[in-house]
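Residue-level structural notes
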Amino acid sequence: MKALKISALVLVLIVVAGLAFLMITAMKAPKQTLQDFNEETAQMGKDKIVLAYPDDLLQKKTILDARLAMSENDSIGLRINLNEKALYLEIKGIVLHKTPILKLTTSSFFKHLNPAEKYVLFHKPLVILRDESTISKDKFETVIAPKDTLEAQARAEIIPDTVLREPILYRLYLKDGIRIQVTGQLHDSIPQFWPKFKFDYGDRLNYLKELISSITNKKPAPYQPTISIVIDAKEASAIYRAVPKKGNVILEF
Amino acid sequence: MTTNEYLFEGPDVQPSAPIKPEKPRRSIWKTILFAFLSLLGLLAFVSFALYFLFNVVPQGPELAMARGLGRDSTLNVEKQPVDQGKILKEITGLENKIDKMTSQGPYLIVNTTENRFYLYDGKSLIREGRCSTGKNTRLVDQKRNKSYEFKTPRGVHQVIHKQKNPVWTKPNWAYIEDGLPIPSATDASRQDPYTLGDYKLDIGDGYMVHGTIWKRRMGLPVTHGCVRLLDDDLEAVFNTLSVGSKVIIY
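Read on for an overview of the structure. In this text the structure is predicted, and so the values were computed from the model without any measurement.

Secondary structure assignment for chain A yields eight helices and 10 strands. Here chain A holds 253 residues, and the buried ones make up 50% of them. Here the contacts in chain A between residues at least 6 apart in sequence split such that 71% fall between residues at least 24 apart. If you sum the accessible surface of chain A, you get close to 12900 Å²; carbon and sulfur atoms cover 59% of it.

Residue and element names in this part refer to chain B. In terms of strand pairing, strand E10 (residues 199–204) meets strand E11 (residues 207–210) through four bridges, oriented antiparallel. Counterpart to Lys200 in the pairing with E11 is His210. Counted between consecutive antiparallel strands, the loop separating E10 from E11 contains two residues, among which Asp205 sits at a positive phi close to 55°. The pairing of E11 with strand E12 (residues 227–228) spans two bridges and is parallel.

This brings us to the side chain of Thr133(B). All names here are of chain B. Tracing the backbone through its elements, the reader meets Thr133 in the loop between strand E3 (124–130) and strand E4 (137–141). Within polar-contact distance, the side chain of Thr133 engages the side chain of Asn115 at 2.6 Å. For Thr133, the contacting residues outside a window of four places in its chain are Val110, Thr112, Asn115, Thr152, Leu220, Pro221, Val222, Thr223, Cys226 and Val227.

The tendency in soluble globular proteins is for nonpolar side chains to be buried side by side. Within the largest apolar cluster, 61 residues are counted, with the highest numbers of intra-cluster contacts made by Ile80(A) and Leu251(A). Among all residues touching Ile80(A), those that are not within four sequence positions of it are Ala86(A), Leu87(A), Ile101(A), Ile180(A), Ile229(A), Val249(A), Ile250(A), Leu251(A) and Glu252(A). Judged by nonpolar contacts, the second largest core, of 18 residues, contains Cys131(B), Tyr199(B), Ile203(B) and Leu241(B).

Each partner contributes to the interface: chain A provides 90 residues, whereas chain B provides 71 residues. Buried area between chain A and chain B, summed over both chains or domains, comes out near 7000 Å², and the portion from carbon and sulfur atoms is 69%. Together, Met23(A), His112(A) and Phe140(A) form the three largest contributors to the area buried by chain A at its contact with chain B, with a combined 10%. The interface formed by chain A and chain B holds four salt bridges in total. A salt bridge links Glu95(B) to Lys60(A); the nearest nitrogen and oxygen atoms lie 3.6 Å apart. The element best represented in the side of chain A that touches chain B is helix H1 (residues 2–43) of chain A, accounting for 17 residues. Here the side of chain A that touches chain B is built from residues that sort into 44 nonpolar, 20 polar and 26 charged. In terms of strand pairing, strand E6 (residues 141–144) of chain A meets E4(B) through four bridges, oriented parallel. What sits directly across from Glu141(A), in E4(B), is Thr137(B).

For the rest of this paragraph, the subject is the sheet that holds strand E7 (residues 169–174) of chain A. In any sheet, the strands associate via hydrogen bonds between backbone groups, in a parallel or an antiparallel arrangement. All names here are of chain A. Pairing in this open sheet of nine strands is mixed, and the strands run E3-E2-E1-E10-E5-E7-E8-E9-E4 from one edge to the other. Since the sheet does not close on itself, it has two edges, and those belong to strand E3 (94–100) and strand E4 (103–106), each with one partner. Ignoring strand direction, the axes of neighbouring strands in this sheet form an average angle of 25°. Sheet strands touched by helix H8 (residues 233–242): strand E1 (77–81), strand E2 (86–91), E3, strand E5 (126–133), E7, strand E8 (179–185) and strand E9 (226–232). Its angle to E9, the strand with the most contacts, is close to 120°.

Moving on: the sheet that holds strand E5 (residues 146–150) of chain B. Strand order in the open sheet formed by three strands is E6(A)-E4(B)-E5(B), with mixed pairing between adjacent strands. Taken across any chain shown, the strands that pair with only one partner, and hence form the sheet edges, are E6 of chain A together with E5 of chain B. Averaged over all neighbouring strand pairs, the angle between strand axes comes to 25°, with direction disregarded.

All names here are of chain A. Its 24 residues place the ends of helix H7 (residues 193–216) 34 Å apart at the C-alpha level, agreeing with the 34 Å of an ideal helix rising 1.5 Å per residue. All buried positions along H7 are accounted for by Phe199, Asp200, Asp203, Arg204, Tyr207, Leu208, Leu211 and Ser214. Just beyond H7, the residue with positive phi is Lys218, at close to 55°.

This part takes up the side chain of Glu252(A). On the secondary structure map, Glu252(A) appears in strand E10 (residues 248–252). Excluding residues that lie within four positions of it along the chain, Glu252(A) makes contacts with Ile63(A), Arg79(A), Ile80(A), Asn81(A), Leu82(A) and Asn83(A).

The interhelical angle for the contact between helix H3 (residues 55–71) of chain A and helix H4 (residues 84–101) of chain B, taken along N-to-C directions, is 30°, at an axis separation of 10 Å. When the interaxial angle is binned, H3(A) and H4(B) end up roughly parallel. The element H3(A) and its partner H4(B) pack so that their crossing is left-handed. Together, Leu57(A), Lys60(A), Lys61(A), Leu64(A), Asp65(A), Arg67(A), Leu68(A) and Ser71(A) of H3(A) and Gln84(B), Ile87(B), Leu88(B), Glu90(B), Ile91(B), Leu94(B), Glu95(B), Lys97(B), Ile98(B) and Met101(B) of H4(B) make up the contact between the two elements. Looking at the contact of H3(A) with H4(B) residue by residue, the class counts come to nine nonpolar, two polar and seven charged.

This part is about a nonpolar patch on the surface. On the surface, a nonpolar cluster with roughly 460 Å² of combined accessible area is contributed by Phe193(A), Trp194(A), Phe197(A) and Tyr201(A). With respect to the secondary-structure elements, Trp194(A) resides in helix H7.

What follows concerns the packing of aromatic side chains. The geometry of two aromatic rings is summed up by the distance between their centres and the angle between their planes. Evaluated as defined, the whole model comprises 13 aromatic pairs over all chains. Geometrically, the ring pair formed by Phe110(A) and Phe253(A) is stacked, given 5.7 Å between the ring centres and 25° between the ring planes. Residue Phe110(A) is located in helix H4 (residues 108–111), and its partner Phe253(A) is located in the segment after E10; the two are separated by 143 residues in the primary sequence. When its relative accessible area of 3% is taken as the criterion, Phe110(A) is described as buried. Note on Phe253(A): relative accessible area 18%, which makes it buried. Arg204(A) extends its terminal NZ or CZ atom over the ring of Tyr207(A), reaching a point 4.4 Å from the ring centre. The positively charged end of Lys162(B) is found above the aromatic ring belonging to Phe238(B), 4.6 Å away from the centroid.

What follows covers the environment of Ala86(A). All names here are of chain A. Relative to the elements of secondary structure, Ala86 occurs in strand E2. The spacing of Ala86 and Ile101 is 15 residues in sequence and 5.2 Å in space, taken between C-alpha atoms. Apart from the residues lying within four places of it in its own chain, the contact partners of Ala86 are Arg79, Ile80, Asn81, Lys98, Thr99, Pro100 and Ile101.

What counts as what
- Counting from 1, residues in each chain are numbered in the order their sequence is written.
- The order in which chains are written sets their letters, starting at A; the order in which ligands are written sets their numbers, starting at 1.
- A pLDDT threshold of at least 70 governs which residues receive local features in this predicted model, and a stricter bar of 80 or more applies before side-chain atom pairs are shown or counted, although totals over entire chains, interfaces and linings include all residues.
- Computation of side-chain values covers all heavy atoms of the structure but excludes hydrogens and water.
- Where helices and strands are cited, they refer to DSSP runs of H or I of at least four residues and of E of at least two residues respectively, numbered from the N terminus.
- Here the term buried applies to any residue with accessible area under 20% of the maximum for its type, exposed to any over 50%, and partly exposed to those in between, with areas from a 1.4 Å probe on protein chains only.
- For this analysis, residues touch if any pair of their heavy atoms sits within 4.5 Å.
- The method behind every accessible area is Shrake-Rupley, applied with a 1.4 Å probe, and residues are considered shielded solely by the protein chains displayed.
- Strand pairing is assigned whenever DSSP detects at least two bridges linking the two strands.
- Polar contacts, as counted here, are pairs of nitrogen or oxygen atoms within 3.5 Å of one another; within protein the pair requires one atom able to donate a hydrogen and one able to accept it, and residues that are adjacent in sequence qualify only if both atoms are side-chain atoms.
- Residues enter a nonpolar core if they are buried and are Ala, Val, Leu, Ile, Met, Phe, Trp, Tyr or Cys, with the set joined through side-chain atoms within 4.5 Å.
- Buried area: the accessible surface (1.4 Å probe) lost by two parts on joining, summed over both.
- Salt bridges, as used here, are contacts in which a Lys or Arg side-chain nitrogen is within 4 Å of a carboxyl oxygen on Asp or Glu.
- Under the scheme applied, nonpolar residues are Ala, Val, Leu, Ile, Met, Phe, Trp, Tyr, Cys and Pro; charged residues are Asp, Glu, Lys and Arg; polar residues are all the others, including Gly.
- As a rule, the C-alpha atoms of each element are fitted with a line to give its axis, helices using only the stretch in contact, and angles between N-to-C directions run from 0 to 180 degrees.
- Every helix has an expected span of 1.5 Å times one less than the residues it contains.
- With respect to orientation, any angle under 35 degrees is reported as roughly parallel, any angle over 145 as roughly antiparallel, any angle of 65 to 115 as roughly perpendicular, and every other angle as oblique.
- The handedness criterion is simple: a crossing whose near helix is rotated anticlockwise from the far helix by less than a right angle is left-handed, and one whose near helix is rotated clockwise is right-handed.
- By definition, no residue in a patch forms a salt bridge, and every one has over 30% relative accessible area; like charges are joined within 9 Å, nonpolar side chains (Val, Leu, Ile, Met, Phe, Trp, Tyr) within 5 Å.
- Pairs were defined over the aromatic rings of Phe, Tyr and Trp, the Trp ring being its six-membered one, requiring ring centres within 6.5 Å. Orientation was assigned from the angle between planes: stacked under 30 degrees, edge-to-face over 60, tilted for the rest.
- Lysine and arginine charges are scored as sitting over a ring when NZ or CZ, respectively, is within 6 Å of the ring centre and within 35 degrees of the ring normal.

Given below as structure tokens:
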């Protein structure tokens, strides 16, 4: 009995110590990322003309430079204004669509960047490297041609169902390790907990694997500065389908 | 031997070591409380650890850690005396460039997800309303081993041709979809003067902005790739846009 008690205690202690170690490693990751970024930007510090700008004007220049660069592209781009809490779809400088952000959460990485660092990171659009989503970019339904006019007429009478019932969740993985997570706000009557759980925690399990592997390989812990946004589900779907696979994203602070 | 002496003999009456005072026993309630609190603490820690490790945007500890950094940037910023006027001029120049990009003339924006259109003249919205766009289907003709995709093309297009009272030359898929035999390419039945409504604006690759006889379906994704508008809206769009005007579809 006594041996069993000791074994249980040791097991609990191992679990607690393991979790504590993982947490501390994970907590160190933002610091490491910021330090790496600072070292990188320090190399670029020779660009005195840009850095001599007053902060407010530098912030303005950051967004204007980014918008101009994005307008050179022929495809639709996404602009996220975190101050205004709004998302914009733009093409060639024309604003096609604006939608309010209902809920916004950002990693501390963004809160601790100064205007010069923001310029370095965001004066050009960030390219979407890949994405993960619960919906498809191009929804296509295959229909077999009707045999006769009767079948064709019966089909013609069907009114397409455009009501959103599926949860809209997607993540855009951008250049420089930045991620945007968008959640479409559906009506409360539609169950969303499990799909969201599955979507988020699948990703988090991967993160945990990466974290453990970084510890075993003695590499810096993974850290992806994330911006999590909740918008109306229809708007979320429209934005996801409008922005091309390797589209551009501008972040405005 | 006296009786008393005899009585003190035997194993039961051997002189023994001094008796240790018994440890006061912990009350059962205290033990339960201790176990409960330990378990609670352990659960709290594990929950916190899991919450932190499994949060998509970790907040508390991540923030605390980042705050500990201080924000003394390592950027080699040399605050030189700057010519504020020159910088302002540059910023204004950039703003003007962006402004000029917004089309000076009229243009049409089509949202295919919500099936709505927005007609702009420069920066001002002059009309908006419902439209119908592609149904996003692939029609498979098994007899002829062919397939047709009905999707509205996203991107920037231009009006390349405008026409009043257009006549639609029905393509093969129109017959296949209706379950009818396909007539020859020159057959008169292919000429349909009603379906496109009063006006059409060609935007390239066979796609058009036109009217419809299926007005009850307006606002739904039911077309074969063209953009359908109601009569009044179509007239306004036709009269506002000219050849070369932009039609932006997303």
